[in-house]
Each structure stands twice: as structure tokens, then as C-alpha cells.
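Listed here are the chains, written in short residue letters.
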Amino acid sequence: MPELDEPQADGQHGRILPSRREKGSVMTNRKATRKSTLYRLTLPDRGETDLRTCVRGRYLESDNHSVAVFACGDVDGLVVTGGVRKDRADWCDAVQMITGVDVDVASQAAAGLVIARTPTAVYALTYGVGHHMLESEYKDDDFGLEFATRSLDEDGVIRIRNLIMDGRGRVDESSVSRGDRIDGFGIDRYGAIVKRLSGTVSDIALTSVREGRKSQIRVECADSAIKLPLATQVDDFLSDLRAIEEVCARQPHPDLLFIDRIRALPASSPKVKEAQQVLDELLANPAGERLALGVPEQCLDSINSAQCFRIKGLGRPRVEVADLELSDLLECVRHKPAGARLEALEHVRVTLFSDEDCQTPASSAVKGTHWLLADVPVGSARFFYSHGQWYEVGAMFVETLEDELRELLGKAPTVSLPPWPKGPKVKNRDSHDEDWYNKEVAKQKGYTLFDKSNPVTKKFRGGGLEICDVLGPEGQLICVKKADSKTSPLNHLFAQASVAVEALRTDPEMRAAFQQQVADRAADEQAPDGGTFHVVLGILLKDGEDITVTSLFAFAQVSLLQHVRRLRAMNAEVEVITIRRQ
């Protein structure tokens with residue numbers, strides 16, 4: 001995980017200089033903090049393990065790096081510092097050939113790694129490119145997202161990166177300039193693995209937020225790492241670590257629970273053993289459609305600038321390629337006997353370099369299994385292999401779906417929808433139909449009838465497009481439907497709302513036509529904001545019963561949440577209201 005706001009390296013002497021924000025504050029303010037990348041390490045015996053085992057051997061043996069031990073009160077550990085200096089940057093030749101101008105510039109990549117053993121755990125702090133020095137196998141892969149799902153402000157999510165569990169290696173990333181709720185990002189809560197989450201944190205006893213220093217801070221969390229401001233004084237630093245551990249011990253926020261639920265299956269699971277056998281067979285055919293190359297999280301930020309990839313398999317000469325392909329990776333294992341291929345891939349190492357002569361690492365040496373994605377069928381079940389871990393596709397589907405529904409249905413209504421009584425029969429039909437009911441809703445002060453007032457455009461010809469049945473007092477698009485015993489009316493209701501919002505956001509002609517209708521018949525305060533929308537789905541179930549997880553038809557539950565996620569992704573708030581009988 002590359003560092004944010006790192007100190008600058010002195011080009012001549014390699015000294016670490018404070019950033020501009022640190023000058024005048026680090027030495028004078030006892031509560032000084034700096035943004036750091038924090039890992040929690042998992043060691044077989046925390047108190048006895050030699051901390052040097054957590055550092056990649058090449059850095060312990062390098063003349064360009066130094067190792068020092070330290071002890072500070074209850075904390076002891078290692079400090080590893082150094083760098084790779086090049087007398088001539090690797091890009092100089094390219095610039096010189098393109099421009100004809102002589103270019104000769106030196107470069108140096110400074111690196112710092114601190115491994116600290118505290119009374120409760122072992123942590124690592126990295127600076128510059130120091131994260132390359134840390135052995136990946138000791139990182140606690142639950143640490144970062146464990147903290148994020150328990151600490152982020154409810155409306156403070158800024159960026160999210162997730163991996164789709166379909167074997168294509170597709171990574172989706174969304175961000176907003178200001179914090180938002182997680183449901184505003186339109187995430188698939190059942191078929192995606194969240195890999196990175198960043199946002200704002202407040203009301204946590206960190207040095208940077210307590211005692212009135214700041215009301216909130218921004219943190220960035222990946223699976224194994226957290227980037228956040230940490231204290232630079234040892235007592236305050238230990239206090240910050242205790243605050244982080246207290247957060248990790250909490251239950252996750254309800255709206256982030258789905259992230260916490262998608263956990264890797266334990267290696268000892270019988271399901272994993274079955275899936276491993278199938279995957280081992282798939283590895284014999286690198287061209288198989290169920291296999292894909294997936295960039296590990298720790299390499300995503302440097303993959304686009306990588307100039308060379310070094311592949312080293314056990315007992316095989318190393319191979320260096322300009323672009324890494326799945327076939328390059330599996331060439332190390334596909335000729336192994338059945339049952340031994342996946343284990344062999346575990347011993348393959350891939351390293352990114354930022355120069356063509358492989359002198360400047362852009363990543364640590366990452367296991368071959370961490371570059372593999374696979375969609376693995378086992379009977380009627382489906383498993384997803386991602387970066388060395390197994391997931392069951394659809395696991396916790398019902399629980400997550402029901403939690404999402406309860407959250408949606410538990411919101412307080414912003415509009416008033418009166419009861420919908422049965423009317424006298426006319427031609428053997430209830431005279432209190434939807435047309436009648438919409439007019440009743442519109443009789444309320446501040447509400448305007450739009451039922452059957454469909455704007456017509458070049459695209460939406462004929463009957464036009466129904467935007468809503470009633471416009472609420474604050475511009476809510478109220479859509480109403482009676483659904484006694486069938487799902488189809490509800491599917492129509494959900495689709496109507498989605499299509500209407502999409503048309504208003506993307507079709508200028510439709511937006512202008514609807515705005516003109518609002519100007520002609522509604523008050524100014526009712527006009528919807530052209531960038532944000534508020535959709536109200538008013539539903540009358542049989543006998544006016546409550547809309548709950550148990551009363552809503554199963555297919556309608558799935559359909560409703562699909563449309564809600566689509567609407568939220570279009571910056572539309574959604575609420576569902578039960579319409580009652582008298």
C-alpha cells in the first residue's frame with residue numbers, strides 16, 4: 001500500500017526531511033502526528049519470535065539498508081532503513097531519444113520500516129517504499145477492513161474498491177468528493193469482495209481527534225493496512241494503538257455488516273478441500289475460461305507504472321517479462337502432477353519493477369497464488385478463489401438481503417399517504433382504484449397530482465413517460481401501486497421509478513418537459529433538484545398489512561433491492577411506505 005504524504009528524501013545524502021506540514025510542529029507540539037501506514041502482524045509466538053523473520057531477507061543482507069533494534073518502555077522492535085540509489089534514472093534514455101536533449105538525472109527511493117512489539121500485539125509502520133521490505137505472509141489480512149467497518153462515519157464513505165466474484169478479474173472503484181452513505185455507491189452486496197474502503201472517522205480516542213485538535217480525520221483501509229495520522233510520541237502512539245484495537249473489538253456498523261460477512265473460508269474447511277481439487281485440475285489448462293490473472297491489492301497502485309515483472313518458481317530459473325500474462329504465471333506449474341499444481345503455485349514469486357533492468361522494485365515479492373482468480377464449480381455450489389483465499393459465492397445471501405430490507409423499510413417516512421379504503425363495486429370492479437387514490441393523496445396541502453400527466457418526447461412517444469403519480473411537498477416523486485397477491489405490479493412500480501429517474505438525469509428533453517409541467521402546476525418549493533431525487537414507493541398489500549421481510553414476496557424482495565441500488569447509484573434517495581386500509 002503506497003504511502004500518502006510521505007517525507008521527502010534528500011537527493012544528496014538520503015536523509016529523511018520533514019514534510020512542510022511537519023516543520024515547526026513535530027518538535028514543538030507534544031501531540032504531533034503524521035500520516036502513517038499501519039499493519040498488524042500475526043506471528044506464531046508474539047513474545048518469542050525474532051522480528052527479523054518479518055523482513056524480507058534481501059533487505060537484511062543489503063549494504064544499502066541498516067537494521068537497528070530499539071526498546072522504549074513496554075515496546076521493543078526493529079527499525080530498517082535504506083534505499084536504492086541509481087546514478088541515472090531509467091527514463092533518461094527515453095527522454096533523450098525523443099527530444100535529443102542530454103538528460104542525466106539521479107534518483108533514490110527511500111524506505112523505512114518499523115516493527116514494534118507492544119504488550120498486546122505486533123505492528124509494522126512503513127514509510128516511503130518501506131512496505132516492500134515487509135514479508136506479506138505475516139500481515140493480518142482482516143485488520144484494515146475490520147477497522148473500517150467499525151469506525152467510518154455513517155455518511156463518511158469517500159472511496160470504495162471491490163472485486164467482482166465472477167472470475168474475470170474485474171475491479172470496480174467509485175469515489176465521491178464528499179462523504180456519502182455506503183448504499184449511495186450501488187455495490188453488489190452478494191457478489192463482490194470489498195478490497196479498499198476510505199472515508200472519515202470521528203468520535204474515536206485517537207491523538208489527532210481528541211482534545212479538540214480535529215473533529216474528524218480521513219482514513220484509508222485495505223485488507224491488511226490502515227493509513228491514518230498516528231502520534232509520534234511513544235505514549236500517545238501506544239494510546240492510538242489501544243484506541244484502534246478497541247474499535248476492532250466492536251460490532252460492525254449495520255450498513256457495513258455485509259462487508260464484514262464476506263469472509264474467506266478457513267483452509268481446514270471441507271468445502272475448500274473439494275474446491276482445491278477442482279482448481280488443481282483447471283491449472284493444467286491456462287486457457288480455461290474459469291481462470292484469470294488478478295492484480296493483488298498491494299500491487300494495484302503500481303501496476304500501471306511497472307516496466308518489468310520477475311517470475312521465480314521453485315527449482316526454475318527466473319523469468320522477466322514486460323507484461324505479465326496468466327500463461328507466464330501458470331507455466332511454472334501446469335506440468336506438475338495432478339494434486340501438486342496449486343501447492344507449486346504457492347512457491348512462485350512475482351515482483352514488479354519500475355525500471356526495465358529490474359533494479360528498482362515497485363512491489364514486494366508476491367506469491368503466485370495471490371495473482372490468480374478462479375471461478376470454481378463444485379456440484380451445485382460455486383466457489384471463488386481470489387489472491388490465495390477461498391470464498392463461497394452467495395454465502396450469507398439471505399441474511400444480507402434481509403438486513404438490507406429491514407434497513408430500507410425501517411426509515412421514517414417523509415410524506416403522508418392516507419389509508420386506501422375499498423370502494424363500492426362498479427362493473428364488478430373496486431371503484432377506489434389507483435386513479436381514485438392518487439387524487440386523494442393529491443388533496444393534501446403541498447401535494448400535486450401527476451398521474452397520467454406523462455411528458456412526451458421524441459424518445460418517449462405515444463403515451464410518454466410517467467414520472468410519478470404525485471409530487472410531494474419537498475419534490476418527492478411518489479409512485480403508488482396496489483399488489484394484492486402478485487409480484488408483477490410491484491416489478492412495474494420499481495421499474496417505473498428507475499426509468500423515470502434515469503430519464504430525468506440523462507435525457508435533456510424529458511427533463512425540460514417535466515420541469516415545465518412542475519412550473520405550470522406545482523409550487524416552487526416542490527421542484528425536484530435536477531441532480532438529486534427522492535423517490536417514495538407507496539405500496540398497498542392485501543388488507544393493508546405492513547410491508548416487512550416476511551410479508552413482501554420473495555421475488556419482489558430481490559427486485560426491490562436491485563432497483564434501490566440502481567436508484568441510489570443515480571443519487572436518488574428511496575423510501576418504501578405501507579399504505580393501509582381503513
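Now for a quick tour of the structure. (Residues numbered from 1 in each chain as written. Predicted model: local features only at pLDDT ≥ 70, side-chain atom pairs only at ≥ 80, totals over all residues. Heavy atoms only, no water.)

A few points about empty space enclosed by the protein
- Within the structure shown, the criterion is met by 3 cavities of 30 Å³ or more.
- Of the pockets and cavities examined, the largest cavity occupies roughly 70 Å³.
- Considered class by class, the residues forming the lining of the largest cavity number 6 nonpolar, 3 polar and 3 charged. (1 Å grid on protein atoms, 1.4 Å probe; cavity = no way out; pocket = protein on both sides within 12 Å on 5 of 7 lines; lining within 4 Å. Points joined across faces, edges and corners; volume = space filled by probe spheres on them. Nonpolar A, V, L, I, M, F, W, Y, C, P; charged D, E, K, R; others polar.)

Quick look at the sheet that holds strand 24 (residues 470-471)
- Sheet architecture is open: 5 strands sit in the order 23-24-25-26-27, paired in mixed fashion. Edge positions in the sheet fall to strand 23 (448-449) and strand 27 (572-578), since each of these pairs with one other strand and no more.
- The pairing of strand 23 with strand 24 spans 2 bridges and is classified as antiparallel. In the sheet register, leucine 449 faces strand 24, and the bridge partner there is valine 470.
- Where helix 10 (residues 434-442) meets the sheet, its contacts fall on strand 23, strand 24 and strand 25 (477-483), and the angle it forms with strand 25 comes to roughly 140°. (Pairing = 2+ DSSP bridges. Helix = DSSP H or I, 4+ residues; strand = E, 2+ residues; numbered from the N terminus. Contact = heavy atoms within 4.5 Å. Axes fitted to C-alpha atoms, helices over the stretch in contact; angles between N-to-C directions.)

Here we look at the packing of aromatic side chains
- A complete count under the given rule lists 4 aromatic pairs for this structure.
- Between tyrosine 385 and tryptophan 390 the ring centres are 4.8 Å apart and the planes differ by 55°, which places this aromatic pair in the tilted class. Assigned by exposure class, tyrosine 385 and tryptophan 390 land together as buried.
- On the basis of an interplanar angle of 5° and a centroid distance of 4.4 Å, the ring pair of tryptophan 420 and tyrosine 437 is categorised as stacked. Of the two residues, tryptophan 420 sits in the loop between helix 9 (397-409) and strand 21 (425-426) while tyrosine 437 sits in helix 10, which places them 17 residues apart along the sequence.
- The class of tryptophan 420 is buried, set by a relative accessible area of 0%.
- A relative accessible area of 0% places tyrosine 437 in the buried class.
- Looking at arginine 58, its charged tip hangs above the ring of tyrosine 59, at a distance of 5.2 Å from the centre.
- One Lys or Arg, arginine 521, reaches over the ring of phenylalanine 450 and ends 4.9 Å from the middle of that ring. (Phe/Tyr/Trp six-rings, centres within 6.5 Å; stacked < 30°, edge-to-face > 60°. Buried < 20%, exposed > 50% of the residue type's maximum accessible area, 1.4 Å probe, protein only. Lys NZ or Arg CZ within 6 Å of the ring centre and 35° of its normal.)

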